[in-house]
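The lines below spell out each chain.
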Amino acid sequence: MAVLNEEQEMLRDMAREWATNESPVTEFRKVRASGEPEAFDRAAYATMAEMGWAGIIIPEEHGGSDFGFLSAGLVVEELGKTLTASPLIATTLAASAIMLGGSEEQKSKWLPKLASGEAIATLAIDEGPHHDPDTLEASVSGSKLTGTKAFVAEAHGADLFVVAAKDGLYLVEKGDGVTLTTRRLTDQRSHADIAFDGAAADKLANGGDDLLDKVLDRARVLTAAEMLGMAQIVFDTTLAYLKQRVQFNQVLSSFQALQHRMADLFADLAQMRSAVEAGLQAIDSGAGVSRAAIVAKAEANRVMHTMSNEGIQLHGGIGMTDEYDIGFYLKRARVLEAAWGTRSFLKNRFATLGGY
Amino acid sequence: MATQLEPEARDSVDVFREEVRQFIADNFPEELKGKGLSMAGAEGGAKETPAQQAWREAMGQRGWGTPTWPKEYGGGGLNRKQAAILNEELARAGAYNPIGGMGVMMFGPTLLEYGSEAQKQEHIPPICRGEIRWCQGYSEPNAGSDLANLQTMAEDKGDHYLVNGQKTWTSGGQWADKCFAIVRTDRSDKHKGISFLLIDMDSPGVEVRPITMISGTSPFCETFFTDVKVPKENLVGEEGQGWTIGKRLLQHERTNLSGAAPGGRSGASLADIAKKYGRVNKDGTLADPVLRDRIADFEIRWTSFLHTARRAVEESKAAGGVSEISSALKKLGTKMGQERAELTIKIMGLQGLGWEGDNFSPIELQGVRAWLYGKATTIYGGSTEIQNNVIAKRVLGMLDHQ
């Protein structure tokens, strides 16, 4: 765990307490059971916004607390632990796009609403099942956006979309020319394909040519932070299970074959945590962000993949049941692994940045 | 224009940096530029060149080879910030710290914690000056991973101990002046019967035989003790406290070994080596996409490992103790060092498997030896399997069969 200041420790403790007491996995089960495409609890999100979490990265003059990404990551990690379904990450990422590339007018219009929870926003970047930001077809002509976006996370609750078109990022409000088609995925969260048909689009013009890359760096790191919380819980749950489950008249945790697998997972988890925290810190410091973001997400993908598989295997049959929570982490893990770049995508990008 | 807000600390940092620069300019021999602490240093004064000797003495006198150790025992007495500046300036000048070895890495920190005042006064200053080489008397033929099973006996003879037994894998034993050893002073208790003893290697009855390794080198030795007399004042701590002290020393060892796998750190990047030995596309990318992928895969994990090593330091500093990830670090770092060595020889093809001859470059020949030598890193200092046991039992609380 990164060495935190007092403010950050308080924030983390508050998030941990809230997630544990008010938003355990049973709350996610309720969201799932409701079958609503929006797939999150509005009242819970309002509480989160009241606690200031929607405005963690937003400057004070726009209603946020300006605590930065390491702080945002702490909260996201805690929410990942309990699989809290919310548009917090999506909204934070949209806010970061506006902060990086928006005009004063755009910032004044949107950031206070996002910080207060009054508005929800999300990124709409990819156009197919694979993350592929280099071949986008959506285009804007005369401030009207046309194109299709696929598997957009948290789309159903969003009031505002940050949409990647061929020539930059645009703000598009829910409404005329924006049509959602639900795409239910294995994690049972909100995903939708969106058809933009001449929707009014307001360009984020101040972020430079690499605005999309900068936003994606942040998306990779914050997603990795959610995965970190998930990996930590799968590890902790599995360890606790091995300590109480008896087979051959012995607790499973006394078998060396299992001890060494847990030691491997422990070491992997240590690497994942370092990579994610380094990614968050890189964004806050502004140095080496792209590289750190790749490492964070690539390591999160690698470790969470193994961790979720081992978590099931080490639980045995009970791990396969819907009644037991661990399967939810496996299903969410695969969706997040695909988001903003698989390990293969990220390795390619890492090599390209490294000049080989 | 400079404001008046610059704090005093800023000035003292600048002053110290200037002092370091001046010292390096005055003392670092130009001919050593870009060279690291070579084996000559570890092998002892006989192979030291005059330039190496001068540089070692200059750094040793200042205590800067052991920058954060207390000044009263010959250390530099620097704080961490100053030590970091010293490192930065050495690197900037293409210089290096000429004072190392087991005395610095393991024995010194342990003696500072557990030794008597007289022992510290006697042993720490020569370590700081790089004058005395220490070796480690831990492993035995039947006490490697099960270290507490050691049988080398130190019998109480009133004013001295009489030591009999055999140690093995004594790194640098043939060049060492002294040995820090764990020995048995009581056969009735596996752990409480162990004591921590300092033995002069030139004592009558000490015999050292180098062991030739698969890499062709002999960095390890077998050491035999036959009726070796060791004065009572060479006992560190209490009799029977050796296991506790010995384990503390292993924590220092573990921390130091995590990044020590040969080829794991310095030198050309894997991508640069691959460009030199393989085909490259017009746009500068590697023509072999599988190799490119493997290199990126390794570099991502290596970057993450370096972050982890840094985090362990920050955590232990903040908590005032050893980080719970130190065993994981040793295990990860050594494995990745081996992986890098394997990748390197794979990239070079047969040109990277040379044993001797003019048609191989020194870098190629060293690479082969480093690859082979590196196989030791997951065995010594507590094998990977032992680190797994430590993590499972001490950190995760997984218990033995009941």
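For the structure, check the block above.
These lines cover the structure that appears in this document, whether it is placed above or below. All values derive from a computational prediction rather than experimental measurement. Along every chain, residues carry numbers that run from 1 in the direction the sequence is written. All chains are assigned letters beginning with A, and all ligands numbers beginning with 1, in the order in which they are written. Totals for whole chains, interfaces and linings use every residue, but because this is a predicted model, local features are given only for residues with pLDDT of at least 70 and side-chain atom pairs only at 80 or more, for both listing and counting. No hydrogens and no water enter the side-chain calculation; it runs on all heavy atoms of the structure.

**What about the overall build of chain B?**
Numbering of helices and strands starts at the N terminus; helices are DSSP runs of H or I of at least 4 residues and strands are runs of E of at least 2. In terms of regular secondary structure, chain B is built from twelve helices and eight strands. Against the 2.2 N^0.38 benchmark of 21 Å for 402 residues, chain B shows a C-alpha radius of gyration of 23 Å, consistent with a compact globule. The principal-axis extents of the C-alpha atoms in chain B amount to approximately 75 × 60 × 50 Å. With a 1.4 Å probe rolled over the protein chains alone, any residue whose accessible area is under 20% of its type maximum counts as buried; one over 50% counts as exposed, and the rest are partly exposed. A total of 402 residues make up chain B; the buried ones form 49% of that total. Contact definition: two residues touch when any of their heavy atoms are within 4.5 Å. Counting contacts in chain B only where the partners sit at least 6 residues apart, residues at least 24 apart contribute 69% of the total. The average position of the 48 basic charges and that of the 52 acidic charges among the side chains of chain B differ by 5 Å. Computation of the radius of gyration draws on C-alpha atoms alone. For the globule rule, the value is 2.2 Å times the number of residues to the power 0.38. When charges are counted, neither His nor the chain ends are considered; positive counts come from Lys and Arg and negative counts from Asp and Glu. To locate a charge, take NZ of a lysine, CZ of an arginine, CG of an aspartate or CD of a glutamate.

**So, the interface of chain A and chain B**
With 42 residues of chain A in contact, the opposing surface of chain B contributes 43 residues. Overall, the association of chain A and chain B removes approximately 3400 Å² of surface from exposure, summing both partners, and the carbon and sulfur fraction of that is 59%. As a working definition, buried area equals the accessible area (1.4 Å probe) given up by two parts on being put together, with both sides summed. Together, Phe266, Gln271 and Tyr356 of chain A form the three largest contributors to the area buried by chain A at its contact with chain B, with a combined 22%. A carboxyl oxygen of Asp or Glu within 4 Å of a side-chain nitrogen of Lys or Arg is what we treat as a salt bridge. Applying the counting criterion to the chain A and chain B interface returns four salt bridges. Distance and chemistry together define a polar contact, namely a pair of N or O atoms within 3.5 Å, with one atom able to donate a hydrogen and the other to accept it when in protein, and with adjacent residues in sequence counting only for side-chain atoms on both sides. Inspection of the chain A/chain B interface yields 21 residue pairs in polar contact (both at pLDDT 80 or more). Mapped onto the side of chain A that touches chain B, the elements with two or more residues apiece are α7 (211-244), α8 (256-285), α9 (289-315) and α11 (343-353) of chain A. Sort the elements by how many residues they give to the side of chain A that touches chain B and α8 of chain A lands first, with 17 residues. A breakdown of the residues in the side of chain A that touches chain B according to their chemical character gives 21 nonpolar, twelve polar and nine charged. Amino acids are sorted into nonpolar (Ala, Val, Leu, Ile, Met, Phe, Trp, Tyr, Cys and Pro), charged (Asp, Glu, Lys and Arg) and polar (every other residue, Gly among them).

**Focus on the pairing of strand β4 (residues 160-165) of chain A**
Residue and element names in this part refer to chain A. Of all the six residues making up β4, six are buried; the element is thus mostly covered by neighbouring parts of the structure. Side chains Leu160, Val162 and Ala164 project from β4 onto one buried face, and the interleaved Phe161, Val163 and Ala165 project onto a second face that is buried too. Two elements, strand β1 (residues 121-124) and β4, share four bridges in a ladder whose sense is parallel. Considered in β4, the bridge of Ala124 is made with Val163. Paired strands are those between which DSSP finds at least two bridges. Counting the residues in the hairpin turn of β4 and strand β5 (residues 168-173) gives two residues.

**Looking at the packing of helix α10 (residues 326-348) of chain B against helix α12 (residues 384-395) of chain B**
All names here are of chain B. Between α10 and α12, whose axes approach to 9 Å, the crossing angle comes to 155°. On the basis of their axis angle, the class for α10 and α12 is roughly antiparallel. In the packing of α10 onto α12, the handedness of the crossing is left-handed. Contacts between α10 and α12 involve Ser327, Ala328, Lys330 and Lys331 from the first element and Thr384, Gln387, Asn388, Val390 and Ile391 from the second. Within the contact of α10 with α12, the residues separate by chemical class into three nonpolar, four polar and two charged. Simply put, an axis is a line fit to the C-alpha atoms, just over the touching stretch for a helix, and the angle between two N-to-C directions goes from 0 to 180 degrees. In these notes the angle categories are as follows: under 35 degrees is roughly parallel, over 145 is roughly antiparallel, 65 to 115 is roughly perpendicular, and the rest is oblique. By convention the crossing between two helices is left-handed if the near helix lies anticlockwise of the far one by an angle smaller than a right angle, and right-handed if it lies clockwise.

**Digging into unusual backbone geometry**
Phi at Gln188 of chain A takes a positive value of approximately 60°, unusual for a residue other than glycine. Among the structural elements, Gln188 of chain A can be located in the loop between β6 (178-182) and β7 (191-204).

**Topic: the nonpolar core**
Residues belong to one nonpolar core when they are buried, are Ala, Val, Leu, Ile, Met, Phe, Trp, Tyr or Cys, and are joined through side-chain atoms within 4.5 Å. Core analysis: the biggest nonpolar cluster contains 149 residues, and Trp53, Leu169 and Met272 of chain A have the highest contact counts within it. For this core, the leading source of residues is α7 of chain A, giving 18 residues. The contacts of Leu169 of chain A, once residues within four sequence positions are left out, are Ala97, Ile125, Val162, Val163, Ala164, Asp202, Lys203, Leu204, Leu211, Leu212 and Val215 of chain A. Core analysis: the next-biggest nonpolar cluster, separate from the first, contains 45 residues, Phe23, Ile24, Trp69 and Trp134 of chain B among them.

**Side note on the packing of aromatic side chains**
All names here are of chain B. Pairs were defined over the aromatic rings of Phe, Tyr and Trp, the Trp ring being its six-membered one, requiring ring centres within 6.5 Å. Orientation was assigned from the angle between planes: stacked under 30 degrees, edge-to-face over 60, tilted for the rest. Scanning the model with the defined rule gives 21 aromatic pairs over all chains in all. Relative to Tyr373, the ring of Phe220 lies with its centre 6.1 Å away and its plane at 10°, an arrangement referred to as stacked. Within this pair, whereas Phe220 is found in strand β7 (residues 220-231), its partner Tyr373 is found in helix α11 (residues 362-373), the two being separated by 153 residues in sequence. The exposure class of Tyr373 is partly exposed, given its relative accessible area of 27%. Here Phe298 and Trp302 contribute two aromatic rings whose centre-to-centre distance is 6.1 Å and whose plane-to-plane angle is 10°, an arrangement assigned as stacked.

**Focus on the environment of Lys330 of chain B**
All names here are of chain B. Examined against the element boundaries, Lys330 turns out to sit in helix α10. A relative accessible area of 0% means that Lys330 is categorised as buried. Through-space distance from the C-alpha of Lys330 to that of Phe107 is 18 Å; in sequence the pair is 223 residues apart.

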